[in-house]
Amino acid sequence: MTYQECINCGKKYDIDKIIYFCKKCGDLLEIKYDYDKINEEISKSNWQNVPLSVWRYRDFMPVKDFSKIVSLQEGGTGFHHSRQLSKILGIRQLYVKNEGENPTGSFKDRGMTVGVTKAVELGVKSVICASTGNTSASLAAYAARAGLECTVLIPSGKIAYGKLSQAMIYGAKVIQVKGNFDESLAIVLKLSEKYKSIYLLNSINPFRIEGQKSLGFEICDQLNQKTPDRIIVPVGNAVNISAIWKGLKEFHKLGLLNELPKMTGIQATGSAPIVQAIKKGSDTIVPVDSPETVATAIRIGAPVSWKKALRAIRESNGTAEMVTDEEILDAQKLLAQKEGLFVEPASASSIAGLKKLIQLGVIDKDEHVVCVTTGHGLKDPDTAIKLSKKPIEVKAQIEAIEEVLGLDKKHTLTVSGEIS
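Calculation criteria
Residues numbered from 1 in each chain as written. Predicted model: local features only at pLDDT ≥ 70, side-chain atom pairs only at ≥ 80, totals over all residues. Heavy atoms only, no water. Core = buried A, V, L, I, M, F, W, Y, C linked by side-chain atoms within 4.5 Å. Buried < 20%, exposed > 50% of the residue type's maximum accessible area, 1.4 Å probe, protein only. Contact = heavy atoms within 4.5 Å. Pairing = 2+ DSSP bridges. Helix = DSSP H or I, 4+ residues; strand = E, 2+ residues; numbered from the N terminus. Axes fitted to C-alpha atoms, helices over the stretch in contact; angles between N-to-C directions. Polar contact = N/O pair within 3.5 Å; in protein donor to acceptor, adjacent residues only side chain to side chain. Phe/Tyr/Trp six-rings, centres within 6.5 Å; stacked < 30°, edge-to-face > 60°. Lys NZ or Arg CZ within 6 Å of the ring centre and 35° of its normal. Parallel < 35°, antiparallel > 145°, perpendicular 65-115°, else oblique. Left-handed = near helix turned anticlockwise from the far one by under 90°. Expected span 1.5 Å × (residues − 1). Nonpolar A, V, L, I, M, F, W, Y, C, P; charged D, E, K, R; others polar.

A separate point is the nonpolar core. Within the largest apolar cluster, 85 residues are counted, with the highest numbers of intra-cluster contacts made by F60, V127, I231, F251 and I274. If near-sequence neighbours (up to four positions away) are discounted, F60 is found in contact with Y33, I38, I42, W47, E210, K213, F217, F251, L254 and L256. Grouped together as the second largest cluster of nonpolar side chains are 26 residues, I266, A295, V323 and I328 included.

Structure (structure tokens):
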């Protein structure tokens, strides 16, 4: 039996009940399964021979009717053995799981394919979310694919145009709210409670987490069921780190994984309530009223899934750390120039965090580490342009190019390819 369960009091709800918080205590919900049944299903299926994707793991998902799946071929993202960066940072082995290779350019597509599929199963006609960018882009795309009406609320202030343009071109109704993300989320929560025809697909929706847990599944499969020592994840609303942990625990429970890694969350200095809670040993967070960071995707002062994130970090014997904007931007440039991976600033926080934790002696140099990068660099091209040198303008003459490149006759190649 598959059902929804409160993470605090354990109250259970039917899998098809539209509910976002526990009616008894008000806490978040998560999806629970009969793992004996899943074991039975996967023993009969050919799932391990299906190409890597979110729906390779359909037997692990809370979907009844597979004919209703709404997909843009998400998942199966690159798993890059980053040898140059390993050498620079002084760590034994580093892989970068690059979620910017998803259809709309971020990890959000994993959760949205399952969330929108569930919306179709439930028969709703309209979906809504609050977003700092990536969620709005992803929901707008999947809603368009499913033929659903879509509304997104974005906070005032800087929203990366790469993300905003996506939500707009996919046809969503985009509303900018004079306030921060947390205020926008409060509004969409009230709307979805007041109008049952509007289905909320922010990360408090437990079906989103089910799609995002596939990231953990894929890391295991790409390592041939070997477990890294540590997985490092950027943390904004705190869903991804807890979703990955849920997937890893499910694989472990089903005997598909022998050991579990340490989960490590990275936040920006100006928006780090979870890091502060971990460092203080606190069981609650103190929200940041005015979060600020260049990494807009993790500029969230009151992450909804903070309790799940704290649990994931502590259960796994992991940790959390904060990094400055300068450290984030340095890491973004380093990853691009040494590994050819262009990610948005929030994504680079995992690399910045790895570098800092190695320097602090928290991460051993013999560890095998996976850094998750969550979104493509083209989500925020303005930041990348500011980081880079301006193009050099010259006359349309070969001599001018030779001068800029510092070429002379000693470097000139003959037609035969030999140095003249």
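Following the structure, the description resumes.
Quick look at the sheet that holds strand β3 (residues 29-32) now. The strands making up a sheet are joined through hydrogen bonds of the backbone, oriented either antiparallel or parallel. Taken together, the three strands give an open sheet; going across it, the order is β2-β1-β3, and neighbouring strands pair in antiparallel fashion. Across the chains shown, the open sheet's two edge strands, defined by having one partner strand only, are β2 (12-14) and β3. Strand-to-strand, the axes of this sheet are offset by a mean angle of 35°, without reference to chain direction. Sheet analysis places strand β1 (residues 3-6) next to β3, joined by four bridges and oriented antiparallel. Counterpart to Y3 in the pairing with β3 is K32.

Topologically, S71 is positioned in the loop between α1 (35-44) and β4 (78-81). By relative accessible area, S71 is classed as buried at 15%. Polar side-chain contacts of S71 include one of 3.0 Å to the backbone nitrogen of Q73. Setting aside chain neighbours within four positions, we find S71 in contact with W55, T113, Y142 and R145.

Along strand β7 (residues 149-155), six of the seven residues are buried, which leaves the element largely enclosed by surrounding structure. Bridge count for strand β6 (residues 126-130) against β7 is five bridges, and the pairing is parallel. Paired with C129 across the strands is V152, a residue of β7. Both β7 and strand β8 (residues 173-177) contribute to a ladder of five bridges, which runs parallel. When the bridges of β8 are listed, V152 appears paired with V174.

Here the focus is the packing of aromatic side chains. Inspection of the entire model under this criterion finds 12 aromatic pairs. Taking the centre distance of 5.7 Å and the plane angle of 55° together, the rings of F60 and F251 count as tilted. Linking F60 in the loop between α1 and β4 with F251 in helix α9 (residues 239-253), this pair joins segments that are 191 residues apart in sequence. Grouping aromatic residues by their ring pairs yields a cluster made of W47, Y57, F60, F217 and F251. Residue placement shows K11 over the ring face of Y13; its charged tip is 5.5 Å from the ring centre. Across the ring face of F66, the terminal group of R58 is positioned such that the distance to the ring centre comes to 4.8 Å.

Two measures define how a pair of helices packs: the angle their axes make with one another and the distance between the axes. It is the contact of helix α3 (residues 108-122) with helix α4 (residues 134-146), at a shortest axis distance of 9 Å, that shows an interaxial angle of 40°. Judged by the inter-axis angle, α3 sits oblique to α4. In terms of crossing hand, the pair formed by α3 and α4 is right-handed. Residues K108, D109, M112, T113, V116 and V120 of α3 lie in contact with α4, whose contacting residues are N134, T135, S138, L139, Y142 and A146.

Its 15 residues place the ends of α9 21 Å apart at the C-alpha level, agreeing with the 21 Å of an ideal helix rising 1.5 Å per residue. Burial within α9 is extensive, with 12 of its 15 residues counted as buried. Buried within α9 are the following residues: V239, N240, I241, S242, A243, I244, W245, K246, G247, L248, E250 and F251. Of the residues trailing α9, G255 is marked for its positive phi of about 80°.

Glancing now at the sheet that holds β4. The strand order across the open sheet built from six strands is β4-β5-β13-β10-β11-β12, with neighbouring strands paired in mixed fashion. Strands with a single pairing partner mark the edges of an open sheet, and in this sheet they are β4 and β12 (319-323). On average, adjacent strands in this sheet sit at an angle of 25° to one another, irrespective of strand direction. One ladder, built from six bridges, connects strand β5 (residues 93-98) with strand β13 (residues 368-373); its direction is parallel. By the bridge assignment for β13, Y95 is matched with V370.

Turning our attention to the packing of α9 against helix α11 (residues 306-315). Close contact between α9 and α11 brings their axes to 8 Å; oriented N to C, the two are set at 50°. The angle between the axes of α9 and α11 places the two elements in the oblique class. For the pair α9 and α11, the sense of crossing is left-handed. Residues I241, S242, W245 and K249 of α9 form the contact with α11, whose own contacting residues are K308, A309, A312, I313 and E315. In the contact of α9 with α11, the residues fall into five nonpolar, one polar and three charged.

Across residues other than glycine, the phi torsion is negative in most instances, and most of the peptide bonds are trans. Here the phi dihedral of Q73 falls at roughly 65°; this positive angle occurs in a residue that is not glycine. Its place among the elements puts Q73 in the loop between α1 and β4. On the basis of relative accessibility, which here comes to 65%, the residue Q73 falls in the exposed class. Residue A238 is not a glycine yet carries a positive backbone phi of 75°. As for its placement among the helices and strands, A238 is situated in the loop between β10 (230-234) and α9.

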